[in-house]
Amino acid sequence: MNTTNIETNQAPSLKDQINQYLRYWPWFIISVFIFSLLGFVYLRYASKEYLATTKILIKDTQSGGGLSELSALGDIDVLGGSFNTVENEIEILNSNRLINAVVANLDLDVVYTRTGNIKSTNIYKNSPIKLSILNDSTPFTIDKSVNLVIRYIDENSFDIKFADDFNYVTQNYGSSFEMEDLNLLVVPDFNHSRKSTKPVDFNESWKDIFVTIKSVEQVTKSLRSKLDIVKSDKRGSVLEITLVDPVRERAEDVLNNLVDVFNEDAIKDKNQVAQNTAKFIDERLADILKDLDSLERGIESFKTNEKLTNLVTESALNLQSSAGIGRELVEIKTELEIAEAIERKLQNSNYDFLPITNGVKNLSISQATANYNSLIQEYSRYKENAGKENPVLIRLKSEIDDLKQSILLSLNNSINSINLQKNSLMRELNSVTGKISTVPENERINRYIQRDREVVEAIYLLLNEKKETTAISLAVTAPKAKIVDFALAPIEPISPKPKVVYLAMFMLGLLLPGAVVYARSIFYNKIESRNDVERGLPNANILGEIPKLDKDSIDYIVPNDRSILAESFRIIRTNLQYKLNALNHDGTKIILVTSTIKGEGKTLVSYNISNTFAYSGKKVLLIGGDIRNPQLHRYLPNVSKRTKGVTEYLTNDQLTVEELAMTSKVNPNLDIILSGAIPPNPAELWMQDRTKDLFEEAKSLYDLVIIDSAPTILVTDTLLINKYADVTTYVTRANYTDTSLLEFVEDTIEDGKLSNVAVVVNNVKLANFGYGNKYGYAYGEEKRTWLDLLKKKFSKGKSFE
């Protein structure tokens, strides 16, 4: 039976590579189970993160409607053609100023938590108490927090301490108290749970409440890092605002409140110009009313003194001309007075808004006034958050000053032009007046007073109209952002995701043992199966594999043995028989059993091969050829290691094989000659002619001679007696023999130092058996139940009966 490996030096196949992982499948299952359990624990106690989303529509982008300052500036290209774009609103929404207001509105600088057995839980909106800081300014910096512990006593009092202190201090609800630099007030919050129908019951003791007080700046910084604002559509003006937070309700409240604060801020900006205009109109109306009252009293006094009740128009043709000139003069005076008022307001203003009026016919002045107000509004908003050296603030200030000078210059030119028109009209009026000089003096005086009255009334009516327009603008100001979707956070958290966690744990459960197996395959240099031997010794015959024995199993074959050990040696016996039958001579054959190093199991193999052949009816002699380190005596109970044997035979010509041979107690067909005393010169003894006499005499008395020889790499004994052997059985041991030692075996065979070599692989795990041996060795053996295995485990001391 030739079991030579034909595929020399072949790399492991894909199937072999997969099998080296599959044979450790229990470890993979255990690893996956452990990692899945870790994933479950992680999901159970990890802090969950929720994603809240809201959508808003920015209304007045790029339209310039109402009192939008940026759209007005765009008309004169002050800001390079920029508009009130969505990108600007994103920056405002994400500003510290607005988020600071949200933190203050929702009291986010005070965090309430309860500590369970493993983790702490935030009880936002569910805290039975509410803590307030009464200090005018918070005494701690952005990087420092204050941690307090509040413990329930009864419905009137509580205990409080710093988290790192040991002693509590008792305080009363509703009474302020000081702790270091903090002035605090704690009140019971009976409406703490807006979604719960069960009120707070202070008769039930609650666990310790952990309160963390943070600075507003610290909370704002944290919120900004978790806030994301993007456009839903690149070409649209709908913004999608998202916030990630471990408390779902808090995330929704923050987004909703942020939109409210944004709208309030936008309305405040829009109303600022209108409010300043209304203030200016009220001031002017008060002055005009005084002038109008003075004129009315003058007319009354004139008519009383002159005893006049009604004046009839005389000289209709001349008066018509005079009336037309008078109307033009009224308009000119009205325009002149408004222009002068705006000029005085601008000269005395310190970055204040200018009134918007249509009384000045010069369109460039009206447009410049609107642009000036827009710049003032933007300057005021940036001034709140920016320093004096801010480049944007400097640029706006420069643009305001330039525009102011431009408006003053335009007003001056306009006033000069109006004065010229006025003087011209006055000259025309004097000419007409001269023509009607025949009109009674009273009529002339009355007309003069009436003209002044009409001028004042015109101004009064104009200012009243602007006042109503401004009031309507204030009353109907709409919010800048329309809420498309209110903030909503799904119940399912975005982190951690169970599917992702379990998948990651499953992969780790596979990767960890897989990596261990792979690393072992790289760094582990021991043979494990016949495949490793076949790759290392491609031209050697493999007689068979011997299974790894349990610690409590006997290591020799007994009569009628149906164990896997017995079946493996029967296969080896069969393969050896084929090799022996293939020899060209008849008679007794000699089998030499050796190994590379000590501990590979050559004595076990030689004894059990001898036993197996002896059970088949052959008369077998087992010779202890390892006279340096004899081990064969352990298979002969109550026989001393110093019993005469091979050494004595080689040194004493009078001794015979029959005198030294001892029959095995378990097998009458098996005789054993022990190694005898350990000589000082083993190699020289094997080189004597007496060695040949030993084997010749043994061949004459037995059907088969088996030699348990010494390891080949350590000593030369085996190489000296190999010439007497017909077959050399070379023993290797799984998980013990280095793969590098197979090179020595191959070199020894190629050099002819060992002849007719066949290899036995000892101590192989059943999972590593080749050619399906693991399926056939126990064929016909009665299957043991788990109860039988337990009985065997606890039964000791019956190995050699």
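The rules behind each value
Residues numbered from 1 in each chain as written. Predicted model: local features only at pLDDT ≥ 70, side-chain atom pairs only at ≥ 80, totals over all residues. Heavy atoms only, no water. Axes fitted to C-alpha atoms, helices over the stretch in contact; angles between N-to-C directions. Helix = DSSP H or I, 4+ residues; strand = E, 2+ residues; numbered from the N terminus. Parallel < 35°, antiparallel > 145°, perpendicular 65-115°, else oblique. Contact = heavy atoms within 4.5 Å. Nonpolar A, V, L, I, M, F, W, Y, C, P; charged D, E, K, R; others polar. Core = buried A, V, L, I, M, F, W, Y, C linked by side-chain atoms within 4.5 Å. Buried < 20%, exposed > 50% of the residue type's maximum accessible area, 1.4 Å probe, protein only. Pairing = 2+ DSSP bridges. Expected span 1.5 Å × (residues − 1). Patch = residues over 30% accessible without salt bridge, like charges linked within 9 Å, V, L, I, M, F, W, Y side chains within 5 Å. Areas by Shrake-Rupley, 256 points an atom, 1.4 Å probe, with all protein chains shown as cover. Salt bridge = Lys/Arg side-chain N within 4 Å of Asp/Glu carboxyl O. Lys, Arg positive; Asp, Glu negative; His and termini not counted. Charge placed at Lys NZ, Arg CZ, Asp CG, Glu CD.

The next thing to look at is the packing of helix α14 (residues 564-581) against helix α15 (residues 602-615). A pair of packed helices is captured by two measures, namely the crossing angle of their axes and the spacing between those axes. Orientation of α14 relative to α15, taken along the N-to-C sense of each, is 75 degrees, at an axis distance of 9 Å. Relative to α15, the element α14 lies roughly perpendicular. Residue-level contacts link Phe569, Arg570, Ile572, Arg573, Leu576 and Gln577 of α14 to Leu604, Val605, Asn608, Ile609, Thr612 and Phe613 of α15. Among the residues making up the contact of α14 with α15, the classes are represented as seven nonpolar, three polar and two charged.

Formed by 32 residues in total, the largest nonpolar core has its most connected members in Phe569 and Val605. Setting aside anything within four residues of it in sequence, one finds phenylalanine 569 in contact with Ile546, Ile557, Leu604, Val605, Asn608, Ile609 and Thr612. Residues Leu93, Val102, Tyr124 and Ala251 belong to the second largest nonpolar core, which totals 31 residues.

A word on the pairing of strand β6 (residues 157-162). Judged by how many residues are buried, β6 sits mostly within the fold: six of six residues are covered. Residues Ser157, Asp159 and Lys161 of β6 are buried on one face, and the alternating residues Phe158, Ile160 and Phe162, pointing to the opposite face, are buried as well. Note that strand β5 (residues 146-152) and β6 share five bridges and pair antiparallel. When the sheet's bridge partners are listed, isoleucine 150 is paired in β6 with isoleucine 160. As defined by bridge partners, β6 adjoins strand β7 (residues 169-172) across four bridges and the pair is classed as antiparallel. Residue pairing across strands places serine 157 opposite asparagine 172, the latter belonging to β7. From the end of β6 to the start of β7, which pair antiparallel, there are six residues.

With that settled, consider helix α12 (residues 498-523). With 26 residues, α12 extends 37 Å from end C-alpha to end C-alpha; this agrees with the ideal 38 Å at 1.5 Å per step. Contacts made by the buried residues of α12 are with α1 (14-22) and α2 (25-45).

Now for a negative patch on the surface. Taken together, the side chains of Asp164, Asp165, Glu178, Glu180 and Asp181 present a region of like negative charge at the surface. Structurally, the position occupied by glutamate 178 is in strand β8 (residues 177-179).

With that settled, consider the sheet that holds strand β10 (residues 209-213). Note: strands within a sheet are paired through backbone hydrogen bonds, in either parallel or antiparallel orientation. Read from one edge to the other, the open sheet built from six strands follows the order β3-β2-β10-β5-β6-β7, with strand pairing classed as antiparallel. Only two strands of the sheet have a single neighbouring strand rather than two, namely β3 (120-122) and β7. Put simply, the sheet's adjacent strands are angled 35 degrees from each other on average, direction ignored. Here three bridges tie strand β2 (residues 110-115) to β3, and the two strands are oriented antiparallel to one another. Bridge pairing links arginine 114 to threonine 121 in β3.

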